[in-house]
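# Chain and residue survey
The primary structure of each chain is shown beneath.
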Amino acid sequence: KNEVEQSPQNLTAQEGEFITINCSYSVGISALHWLQQHPGGGIVSLFMLSSGKKKHGRLIATINIQEKHSSLHITASHPRDSAVYICAVVRGGSQGNLIFGKGTKLSVKP
Amino acid sequence: EAGVTQFPSHSVIEKGQTVTLRCDPISGHDNLYWYRRVMGKEIKFLLHFVKESKQDESGMPNNRFLAERTGGTYSTLKVQPAELEDSGVYFCASSPAPQVNPDFGQGTRLTVV
């Protein structure tokens, strides 16, 4: 069992739908990242959070440290949101040692 | 401002050969990270530099991999000799501090045949 699990693995949505991607982890962490990888391969950091909630545009990330769970929400989804979304945690006591989930492939249909 | 750049974007080499990957971080970013994704698997951490020093190299798979960051600027990752299982995409990232979201490069796709 991976230390970071994401669900679902694949997600197809219609444009405008509200989307939730979940991430659960089993290790102690100091922070959690949500990353976006487009088909071209480049990775973009969306959020880094250690508690509570962060919002950027139509994206919202939340984390519950006690439950070892984080969610990434996309409101009013758009085809340009189609990408792989990756959850990664910073192992407690380390600074850059990220443990990655396998990613959630999102496809938003017009 | 230029982002994190990696060279080459693709490399195809034969088993047993040597390959050197390069990463130019964003200017002023002391923290530099190497990661890789092997086909079908999740991305794995390789190592973390702070300036020219290796802060954490616990993810380096074996002694065929050598990472350097001379002068604390660009970094190289050398694989010698390359094996088939080294094939994958190697990502570099940099940040001004560990608590800051890192910026990622586009990755180098390495294929060992």
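What this report covers is the structure whose coordinates are included nearby.

How each quantity is defined
Residues numbered from 1 in each chain as written. Chains lettered and ligands numbered in written order. Predicted model: local features only at pLDDT ≥ 70, side-chain atom pairs only at ≥ 80, totals over all residues. Heavy atoms only, no water. Pairing = 2+ DSSP bridges. Helix = DSSP H or I, 4+ residues; strand = E, 2+ residues; numbered from the N terminus. Axes fitted to C-alpha atoms, helices over the stretch in contact; angles between N-to-C directions. Buried < 20%, exposed > 50% of the residue type's maximum accessible area, 1.4 Å probe, protein only. Phe/Tyr/Trp six-rings, centres within 6.5 Å; stacked < 30°, edge-to-face > 60°. Lys NZ or Arg CZ within 6 Å of the ring centre and 35° of its normal. Contact = heavy atoms within 4.5 Å. Buried area = accessible area lost by both parts, 1.4 Å probe. Salt bridge = Lys/Arg side-chain N within 4 Å of Asp/Glu carboxyl O. Polar contact = N/O pair within 3.5 Å; in protein donor to acceptor, adjacent residues only side chain to side chain. Nonpolar A, V, L, I, M, F, W, Y, C, P; charged D, E, K, R; others polar.

### Section: the sheet that holds strand β3 (residues 19-25) of chain A
All names here are of chain A. Read across the open sheet, the five strands follow the order β1-β3-β8-β7-β6; overall the sheet is antiparallel. Either end of the sheet is taken by a strand with one partner, and the two such strands are β1 (4-7) and β6 (52-56). Between one strand axis and the next, the sheet turns by 15° as a mean value, whatever way the strands run. When β1 meets β3, the two strands line up antiparallel, connected through four bridges. Pairing of Val4 across the sheet is with Tyr25, part of β3.

### Focus on the pairing of strand β8 (residues 75-79) of chain B
All names here are of chain B. Taken across its five residues, β8 has four buried, putting it largely inside the fold. With four bridges connecting them, strand β7 (residues 65-68) and β8 associate as antiparallel partners. Residue pairing for β8: Leu66 is matched across the bridge by Lys78. Connecting β7 to the next strand, β8, in antiparallel fashion are six residues, including Gly71 with a positive phi near 75°.

### Some remarks on the packing of aromatic side chains
Considering all chains together, one arrives at four aromatic pairs over all chains under this definition. On the numbers, 6.2 Å between centres and 20° between planes, the contact of Tyr33(B) with Tyr35(B) is stacked. Per residue, the accessibility class of Tyr33(B) equals that of Tyr35(B), and both read buried. Among the aromatic residues, those joined into a ring-pair cluster are Phe100(A), Tyr33(B), Tyr35(B), Phe45(B) and Phe104(B). Cation over ring: Arg22(B) sits above Tyr74(B), and NZ or CZ is 3.8 Å from the ring centre.

### Looking at the interface of chain B and chain A
Where interface size is given, it is often the accessible area lost as the parts come together that is meant. Between chain B and chain A, the residue contacts involve 20 residues of the former and 21 residues of the latter. Of the roughly 1600 Å² buried between chain B and chain A, counting both surfaces, carbon and sulfur atoms make up 54%. For chain B, the biggest contributors to the area lost against chain A are Glu42(B), Asn101(B) and Phe104(B); these three give 32% of the whole. Summed over the shared surface of chain B and chain A, the result is zero salt bridges. Between chain B and chain A we count five residue pairs in polar contact (both at pLDDT 80 or more) in total. At the level of secondary structure, the elements contributing two or more residues to the side of chain B that touches chain A comprise β4 (31-37), β5 (43-50) and β6 (53-56) of chain B. Element by element, the count of residues in the side of chain B that touches chain A is highest for β5(B), at four residues. In terms of residue class, the side of chain B that touches chain A is built from nine nonpolar, seven polar and four charged.

### Observations regarding the pattern of salt bridges
Following the criterion strictly, the structure yields eight salt bridges over all chains and no others. Measuring nitrogen to oxygen at the nearest pair gives 3.6 Å for the salt bridge that ties Glu3(A) to Arg91(A). Taken together, the positions of Glu3(A) in the segment before β1 and Arg91(A) in strand β9 (residues 83-91) put the pair 88 residues apart, joining distant regions of the chain. Residue class for Glu3(A) comes out partly exposed when judged on its relative accessible area of 30%. Linked by salt bridges that have partners in common, Arg36(B), Arg64(B) and Asp86(B) make up one network.

### Remarks on unusual backbone geometry
Cis geometry marks the peptide bond from Ser7(A) to Pro8(A), where omega comes out at -5°. Counting through the fold element by element, Pro8(A) comes out in the loop between β1 and β2 (10-14). Following Phe7(B), the chain continues to Pro8(B) via a peptide bond in cis, the omega torsion being -15°. Relative to the helices and strands, Pro8(B) resides in the loop between β1 (5-7) and β2 (10-13). The backbone phi angle of Lys68(A) is positive, close to 55°, even though this residue is not glycine. Looking at where Lys68(A) falls in the secondary structure, it is placed in the loop between β7 (59-64) and β8 (69-74). The class of Lys68(A) is partly exposed, set by a relative accessible area of 32%.

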